[in-house]
Amino acid sequence: MKTYWWKILAILLLAYTIVAGLLIEVPRLPILNETIRALFFHVTMWFGMLLMLMVSVYYGVKHLRTGELRYDDLAVEFTNTAILFGVVGISTGMIWAKFTWGDYWTNDPKLNASAIGLLMYFAYLVLRNSLTDVYQRAKISAVYSIFAFAAFIPLIFILPRLTDSLHPGNGGNPGFNAYDMDSKLRTVFYPAIIGWTLLGAWISTLRVRYRRLERKLEDHLINQ
Amino acid sequence: MWKEIILLVKKEAVLEWRQKYAINGILLYVVSTIFVAYLSMGAGKGNLGVPVWNALYWIIILFSSVNAVAKSFVQEHQGRQLYYYMIASPEAIILSKTIYNTLLTLVLALLGYLVFGLVFGNPVADQPLFLLNLLLGAIGFSASLTMVSAIASKASNNGTLMAILSFPVLIPILLMAIQVSKNAIDGLDREINLDKILTLLAINAIVAVSSYILFPYLWRS
């Protein structure tokens, strides 16, 4: 119970998110209507992705300080899950955009920022694969991931200033900015963020454990 | 520290001067790319719209600076790198390489500007601002590209890796630089550009500081 309470919490929060997210009364806003429920399933993906990238950077820094491989495992698996969340976020967003804006891809700063972020982290994976030595791979990819994150953060703040976003709540579009986000929406939105992020952490820790077992097995085979 | 950096920058310049093919190659690269662009656009003087002129110019500068900086850590072989490792601090090395690459990128950008203006016509209304923007762009490009080339030099398959690692990192700098240079071409009031130039400076600072902090870890491996 001590160690896995948060997994139960994740299940409960996600069950609540799905049930309440689909059933609660939502405010009728022009254009959005019922699709405002995407807030719980699409917008939360980005929050989850950013949180997990932060965790990954944290472990990257820790790896550089100590040089221990277990931090590298955590860093890479959190990045992997963040990429997964990013891909899910971008594809749900594209489906939503097709029906709301009439196109899968528009020149929207948020879309572009997320696409660039994904490009960065795909490049990170390619970089990892091109290095063979385990320790060197861990160190160099940690350096790149911190560097890329440092370049990614200003991007999120700059791009929206260049052109107005089509996203709800931006540029006079109806939606959930600080003022008209309904308090009812918040009661699902915040738990949803926590729930999805916990699910991401769960996926990552599972993969980390798998990675460690694999390494143990390899060591065992080598030392036979 | 500063003495060390100045010495290392001088060393880079001398090294470049001794093997002139590298610098000549990259200068020729800029000129021929511009010429290819000129022929494929099929445009005479002044036929190119300002946004296209601007975007084409920056893309050519982007690609040539990636190519120019890519070699900064591979040109010297392992033995000599070990020698630098023993005599110089990693901070001095990254700073000197960044400064040298800034100069190199600036030369490329200026040459590119000259040739580009020659063949496509020069629509720039606010020259000083355009040049200042070139300087800031060159600093940003070289700061991030030097770091990325240090990363890419550790891995095999250098050329592709250099491109895919650096493009996403360069996009914020490129976007800001393109915006400012668009305003400079149109000759808009300089007040408008102030916050954009400040943002560009801030991004440059972030990139430079993070590469300054991270490079020692890379150098040690």
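Throughout what follows, the structure given in this document is the object of discussion. Sequence order as written defines residue numbering, which begins from 1 separately in each chain. Following the order in which they are written, the chains are lettered starting with A and the ligands numbered starting with 1. Local features are withheld for residues below a pLDDT of 70 in this predicted model, meaning they are given only at 70 or higher, and side-chain atom pairs are given and counted only at 80 or more; totals for whole chains, interfaces and linings count all residues. Note: side-chain values were computed over all heavy atoms of the structure, leaving out hydrogens and water.

### Re the overall build of chain B
For clarity, the threshold we go by: The numbering of helices and of strands both runs from the N terminus, where a helix is a DSSP run of H or I of at least 4 residues and a strand a run of E of at least 2. The globule rule used for comparison is 2.2 Å times the number of residues to the exponent 0.38, while the radius of gyration itself is calculated over C-alpha atoms. The contact definition used throughout considers only heavy atoms, calling two residues in contact when any of these lie within 4.5 Å. Per-residue accessibility takes into account occlusion by the displayed protein chains alone, with areas from the Shrake-Rupley method and a 1.4 Å probe.
The helix and strand tally for chain B stands at eight helices and zero strands. Listed by position from the N terminus, the elements making up chain B come as α-α-α-α-α-α-α-α. Computed over the C-alpha atoms, the radius of gyration of chain B is 18 Å, within 12% of the 17 Å expected from 2.2 N^0.38 for a compact globule of 221 residues. Its C-alpha atoms give chain B principal-axis dimensions of about 55 × 35 × 30 Å. A fraction of 86% describes how many contacts in chain B between residues 6 or more apart in sequence connect residues 24 or more apart. Entry remark: accessible area of chain B is about 9,900 Å², with carbon and sulfur atoms responsible for 70%.

### Here's the deal with the overall build of chain A
Operational definition: Residue exposure (1.4 Å probe, protein chains only): buried if accessible area is under 20% of the type maximum, exposed if over 50%, otherwise partly exposed.
Each helix and strand in chain A was counted, giving six helices and zero strands. Secondary structure elements of chain A occur, N-terminal to C-terminal, as α-α-α-α-α-α. The proportion of buried residues among the 224 residues of chain A is 48%. A fraction of 74% describes how many contacts in chain A between residues 6 or more apart in sequence connect residues 24 or more apart.

### Focus: the interface of chain B and chain A
Heads up, the rule is: A 1.4 Å probe defines the accessible area here, and the buried area is the portion of it lost by two parts on being joined, summed over both. Note on definitions: salt bridges are taken to be side-chain nitrogens of Lys or Arg within 4 Å of carboxyl oxygens of Asp or Glu. Definition of a polar contact: a pair of N or O atoms within 3.5 Å, with one able to donate and the other able to accept a hydrogen when the atoms are protein atoms, and with sequence-neighbouring residues admitted only if both atoms are side-chain atoms. Residues are grouped as follows: Ala, Val, Leu, Ile, Met, Phe, Trp, Tyr, Cys and Pro are nonpolar; Asp, Glu, Lys and Arg are charged; all remaining types, including Gly, are polar.
Contact with chain B, which involves 29 residues of that partner, is made by 24 residues of chain A. Buried surface at the junction of chain B and chain A, summed over both partners, amounts to about 2,400 Å²; 82% is from carbon and sulfur atoms. Across the chain B-chain A interface, the total number found is zero salt bridges. The interface formed by chain B and chain A includes one residue pair in polar contact (both at pLDDT 80 or more). If you list the elements that add at least two residues to the side of chain B that touches chain A, you get α6 (127-154), α7 (158-186) and α8 (190-220) of chain B. No other element matches the 11 residues that α8 of chain B contributes to the side of chain B that touches chain A. In terms of residue class, the side of chain B that touches chain A is built from 19 nonpolar, seven polar and three charged.

### Some details on a nonpolar patch on the surface
All names here are of chain B. This is how the line gets drawn: Like charges within 9 Å and nonpolar side chains (Val, Leu, Ile, Met, Phe, Trp, Tyr) within 5 Å are joined into patches, using only residues over 30% in relative accessible area that form no salt bridge.
On the surface, Met 1, Trp 2, Ile 6, Ile 99, Leu 103, Val 209, Tyr 212 and Ile 213 cluster together into a nonpolar patch covering about 800 Å² of accessible area. Looking at the nonpolar patch, the elements that each hand over two or more residues are α1 (2-18), α5 (90-120) and α8. For Val 209, the location among the structural elements is in helix α8.

### Some remarks on the packing of aromatic side chains
This is how the line gets drawn: Any two of the Phe, Tyr and Trp rings considered here, Trp counted by its six-membered ring, make a pair once their centres fall within 6.5 Å; the pair's planes then place it as stacked at under 30 degrees, edge-to-face at over 60, or tilted in between. We call a charge positioned over a ring when the NZ of a Lys or the CZ of an Arg lies within 6 Å of the ring centre and within 35 degrees of the ring normal.
Evaluated as defined, the whole model comprises 22 aromatic pairs over all chains. Ring centres of Trp 53 of chain B and Tyr 57 of chain B lie 5.8 Å apart, and the angle between their planes is 20°; this geometry places the pair in the stacked category. Residue Trp 53 of chain B and its partner Tyr 57 of chain B are located together in helix α3 (residues 50-70), separated by four residues, close to a single helical turn. For Trp 53 of chain B, a relative accessible area of 1% corresponds to the buried category. With a centroid separation of 5.6 Å and an interplanar angle of 25°, the aromatic rings of Phe 215 of chain B and Trp 219 of chain B are classed as stacked. Of the two residues, Phe 215 of chain B and Trp 219 of chain B both sit in helix α8, four residues apart, roughly one turn of that helix. A relative accessible area of 1% places Phe 215 of chain B in the buried class. Residue classification places Trp 219 of chain B among the buried residues on the basis of a relative accessible area of 9%. Ring pairing ties together the aromatic residues Phe 35, Tyr 38, Trp 53, Tyr 57, Trp 58, Tyr 113, Phe 116, Phe 120, Phe 130 and Phe 141 of chain B, which thus form one cluster. Note that Lys 98 of chain A overlies the ring of Tyr 104 of chain A, its terminal NZ or CZ placed 5.1 Å from the centroid. It is Lys 20 of chain B that lies over the ring of Trp 17 of chain B; its NZ or CZ is 4.7 Å from the centre.

### What about helix α2 (residues 20-41) of chain B?
Residues and elements named next belong to chain B. Cut-off, in case you're wondering: Each residue after the first adds 1.5 Å to the expected span of a helix. What the arc describes is the spread of directions from the helix axis to the C-beta atoms.
Across its 22 residues, α2 extends 32 Å between first and last C-alpha, which sits within 8% of the 32 Å expected from 1.5 Å per residue. Of the residues making up α2, those classed as buried are Ala 22, Ile 26, Val 30, Ile 34 and Ala 37. Buried residues of α2 fall within an arc of 115° about the axis and therefore sit on the same side. Seen from the buried face of α2, the exposed residues on the opposite side, beyond 90 degrees, are Tyr 21, Leu 28, Val 36 and Leu 39. Phi turns positive, to about 60°, at Gly 42, one or two residues after α2.

### Overview of the side chain of Asn 101 of chain B
Looking at the element boundaries, Asn 101 of chain B is found in helix α5. Among residues more than four places away in sequence, those in contact with Asn 101 of chain B are Val 69, Ser 72, Ser 142 and Thr 146 of chain B.

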